[in-house]
Amino acid sequence: GADRGPVTALLLQQPRSSQTVAGWSGQTFAGWSSQTVAGRSGQTVPGWGRDTRFRIRKQPPTYKGKSSWEIFRTQLEIHGPDTPTVHQQPSPAKEDDHVTLSCSSDSLPPATFAWVFKGAPYIIAPLDEKHLGNYTCTASNAITGVKMSTVHPLNGVCVGQSILPAGPLSGAVGGAVNFGTTLEPPARPFIAVAWSFKGNSVISHTATGDIVEEPYINRVTLDQTTGSLELRGLALVDSGAYLLSVILDGGQQRTGTIELNVYALITGASITRSSSPATLIAGKSAVNLTCDAASGAVSSRDWMKNGRPLPPAPGRVTFSADARLLSINPVLSDNHGNYQCRVSNPVSAMTATYNLTVNCEYRPPLCCPLSEHTGLGPQNVSIVGPGEARLGLRVLLRCSVDSVPLPTFSWALNGNRTGVTNSTYIIERMEERHAGNYTCTVYNQVTRLENSTLMNLRGVTQ
C-alpha cells in the first residue's frame, strides 16, 4: 500500500514509561515500547478502518526541552485491477521465434490473470502464421470482484520473410541474378510456388506444370524443390520488389519479399579540370577537378592522390556532397601529383587519373621543396624539320624546347606572324611562297622568360 499521511496528527507529551496517555485505551502501538496509544475507549478515529496501519515519528524537543510524537496512518486501500498492460518479447517477432506475452495490472490484492486467443486459452509454440491474431488478457481481483481486459494484436510479425534473404540484390544490365531462398527441399513437393513482380505474375508452378508470363519467357528458371528463381537478361525496368508465395504440402502458405536493384555498367570514367587558369601557381591559383562517368549510375566516388586516400583540408581542399567535384583553393606545392577518382556502383567500378602540375614563381626554398615543379626554361629551343622540301609535298616543322611548365608557341615567316600557336607548323602543300626563314618563339609563364630559334626552308622542284 502507499503512505497516505499525515491525514490526522495527534501531538502528545512524552509519557512516562509506566503511564498511559490519559483518556486512551490500553492498546499497544508498535514502535512505542511500553507506551500505548490507540483510539479512545468505544471510539474510532474517523476514516481509520480495519485495513489501517499506524506509524509514529518523534518530533524535535520544544524550547522547554520536551519532545512530542506525531501519529500517522498508512491506509492499505483495496483496489483494482486497472486495465492490464501487455508486453511482448521479442518485438517485432519473426517466424520460428519463441514469443513471450506478459500481462500486468495495478491491483490490491494482486490480480489473477487469464489469457484467451481466438476463444480459447493459448500456448505460443515456435511462432507460426497460425499464431497471428488478437490476444486477450483478463485481470481479476477476488476481493473487489472487478475484472478488466485488454486486447493485444500480435503484430509486426515478419512471418514468411525468413524464406528469402534480407536483400537487396544487385544485378547488371544484361546479366543474371539468382533469387535464392532459405527453404530446404521438403519430403513431399510443394503444392504451389509462385513469383510475382509489382503485382504481375512472373512464373507459377503447380502439380500440372509451370506457367511463365510475358516478358519472362526464356528468361527465368525455377527450382521447384526450394522455390529459388534465376532471372536473366536484366534491364533497368526489372528493378523493384519481388514476391514469393509457397504453399506447403500441409496447406500452410509461406511468403517473402526481396528487392532487386539493376544497374548499368560504368564506362568512360574521367577527371576534367577547369580550363582557367591554364598554369597553376602555388599560393595564387585555384583549381576544380570533376569526376564523372560517361554511362552507368554512379553510387560512390573515392578520391586518391598518388595512390593514397585524399582527405579534405578544411577551407582549402573540399569535396561536393556527392564527391563529384574536388576544389583546391589555393593550390600549394604539395598538391602537385597524380590524382585518381574511383567511380563505382554495386556491379561495376572504374578509376580515372589526372596529373596536376603546380608551379612556383621562385626557386626553392622560397616556394617549392621539389624542383620538378619549379619553373624552368625555356631553353634548348630548336626547329626539327627538313631544310628543303619538294614543291607540292606536305611539310612538318616541329618546335622542340625544354621548359617547365610547357611554354606558349608562336611562329613567324620572314619576320611576319603566321598566327600558328602550336608546337608544330604544318604546310599542307609546299609552294614557292612557303620558302624562307621560320622563327619559333616560346614563352614560359612561370619564369616569364622568352626564347626563340630560326630555320631556313627552301623549295625545290626535284
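The present account deals with the structure reproduced in this document. (Residues numbered from 1 in each chain as written. Predicted model: local features only at pLDDT ≥ 70, side-chain atom pairs only at ≥ 80, totals over all residues. Heavy atoms only, no water.)

**Examining the packing of aromatic side chains**
And step 1. The tally for this structure, following the rule as stated, stands at six aromatic pairs.
And step 2. Ring centres 5.3 Å apart and planes at 45° place the aromatic pair Phe179 and Trp195 in the tilted group. Taken together, the positions of Phe179 in strand β10 (residues 177-179) and Trp195 in strand β11 (residues 192-197) put the pair 16 residues apart, joining distant regions of the chain.
And step 3. The class of Phe179 is buried, set by a relative accessible area of 0%.
And step 4. These aromatic residues form a ring-pair network of at least three members: Phe179, Trp195, Phe197 and Tyr242. (Phe/Tyr/Trp six-rings, centres within 6.5 Å; stacked < 30°, edge-to-face > 60°. Helix = DSSP H or I, 4+ residues; strand = E, 2+ residues; numbered from the N terminus. Buried < 20%, exposed > 50% of the residue type's maximum accessible area, 1.4 Å probe, protein only.)

**Focus: the sheet that holds strand β17 (residues 253-263)**
And step 1. Taken in spatial order, the six strands of this open sheet run β9-β17-β16-β11-β12-β13, and their pairing is mixed. Of all the strands in the sheet, the pair left with one neighbour each is β9 (169-172) and β13 (209-212). Between one strand and the next, the sheet's axes are offset by a mean angle of 20°, whatever the strand orientation.
And step 2. Across four bridges, β9 lies against β17 in parallel orientation. (Pairing = 2+ DSSP bridges. Axes fitted to C-alpha atoms, helices over the stretch in contact; angles between N-to-C directions.)

**Side note on the nonpolar core**
And step 1. If you look at the biggest cluster of nonpolar residues, it comprises 25 residues, and the most contacted ones within it are Phe179, Trp195, Val202, Leu231, Tyr242 and Leu260.
And step 2. Listed by contribution, the elements that provide at least two residues to this core are β10, β11, β12 (200-206), β14 (220-222), β15 (229-231), β16 (240-247) and β17.
And step 3. When near neighbours in sequence (up to four residues on either side) are disregarded, Leu260 contacts Leu169, Ser170, Gly171, Val177, Phe179, Leu231, Leu234, Asp238, Ser239, Gly240 and Tyr242. (Core = buried A, V, L, I, M, F, W, Y, C linked by side-chain atoms within 4.5 Å. Contact = heavy atoms within 4.5 Å.)

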